Amino acid sequence: MTNHHRLAACALLAALSTGTPALANNGTTGAFAPLAPATAQGAGADEESRLDYNYIWARWASGDGSLLQDGNGFNVEGAFEVGKNVHLYGDFDFIDFDDDVVELTRWSAAVGLQTPGTGPLSAYARAGFGSREYDGFTNNNDDGVFLSGGLRFLPIDPLEIEVRYSYTGSQPKYDSWRVGATLQVTESIGLGAAYDLGDEVSDDLNTLYAGVRISI
């Protein structure tokens with residue numbers, strides 16, 4: 001081995017022992033570098049969606065129909081998770097129509113099942129008991145089984161859309177379709193509005209809701 005070859009071998013050994021930047025970038029560090037983005041993406045994929053079932057709504061309500069006209073009142077609605085994919089649900093409406101001629105009170109209580117709270121879409125179904133009382137009508141108290149199902153989804157992150165169908169098996173029966181939108185303004189506060197088209201006392205009753213949702 002010539003002196004030039006000995007000098008080259010010594011330089012190579014020194015570079016391997018000290019880990020020069022050129023060799024380090026081409027070594028094990030460079031080999032594992034492509035795994036970093038995949039690891040970060042995997043952690044984000046496990047993050048839970050904010051479409052949970054722990055909330056309270058406080059809303060103004062306005063109703064209008066052929067028989068029941070020009071009513072105003074309020075609505076309180078809430079849900080609370082009691083187990084994996086299981087929640088309790090409650091809803092209360094009070095609407096005063098036609099200068100105190102008729103007052104309509106509706107409420108329901110149910111147990112609900114929902115799909116796992118991950119991703120931008122959640123479906124739910126509820127079963128329980130519902131009641132409606134008309135202060136001003138002869139037949140003023142109706143109640144029966146309450147059934148409801150719907151979809152909640154996030155077209156964009158701060159905006160939630162909900163579509164729901166509800167049925168109360170009283171005499172006469174009551175059913176409705178509802179479409180609502182909620183804008184999440186903080187982690188725990190959302191502002192929203194909903195439009196409900198129902199069949200109340202054999203009459204199409206339109207109810208408009210607007211209010212605040214508190215996540216709990």
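Calculation rules
- Residues numbered from 1 in each chain as written.
- Predicted model: local features only at pLDDT ≥ 70, side-chain atom pairs only at ≥ 80, totals over all residues.
- Heavy atoms only, no water.
- Phe/Tyr/Trp six-rings, centres within 6.5 Å; stacked < 30°, edge-to-face > 60°.
- Helix = DSSP H or I, 4+ residues; strand = E, 2+ residues; numbered from the N terminus.
- Buried < 20%, exposed > 50% of the residue type's maximum accessible area, 1.4 Å probe, protein only.
- Lys NZ or Arg CZ within 6 Å of the ring centre and 35° of its normal.

Enquirer: Would you take a moment to explain the packing of aromatic side chains for this structure?
Expert: Pairs of aromatic rings are described using the distance from one ring centre to the other and the angle between the two planes. Considering all chains together, one arrives at 6 aromatic pairs under this definition. Pairing Tyr-53 with Tyr-124 gives two aromatic rings, centres 6.1 Å apart and planes at 70 degrees, and the pair type is edge-to-face. Here Tyr-53 is found in the loop between α4 (35-45) and β1 (55-65), whereas its partner Tyr-124 is found in strand β5 (residues 121-135), with 71 residues between them in sequence. The exposure class assigned to Tyr-53 is buried, which follows from its relative accessible area of 1%. A ring pair is formed by Trp-107 and Phe-129, whose centres lie 5.7 Å apart and whose planes are at 45 degrees; its orientation type is tilted. Here Trp-107 is found in strand β4 (residues 102-114), whereas its partner Phe-129 is found in strand β5, with 22 residues between them in sequence. On the accessibility criterion, Trp-107 (36% relative accessible area) is partly exposed. According to the relative accessible area criterion, Phe-129 is partly exposed, its value standing at 37%. Put simply, the rings of Phe-74, Phe-92 and Phe-94 touch in pairs and so form one group of aromatic residues. Positioned above the aromatic ring of Tyr-89, the side-chain terminus of Arg-126 is 4.0 Å from the ring centre. The residue whose ring lies beneath Arg-126 is Tyr-124, and the NZ or CZ to ring-centre distance is 4.1 Å.

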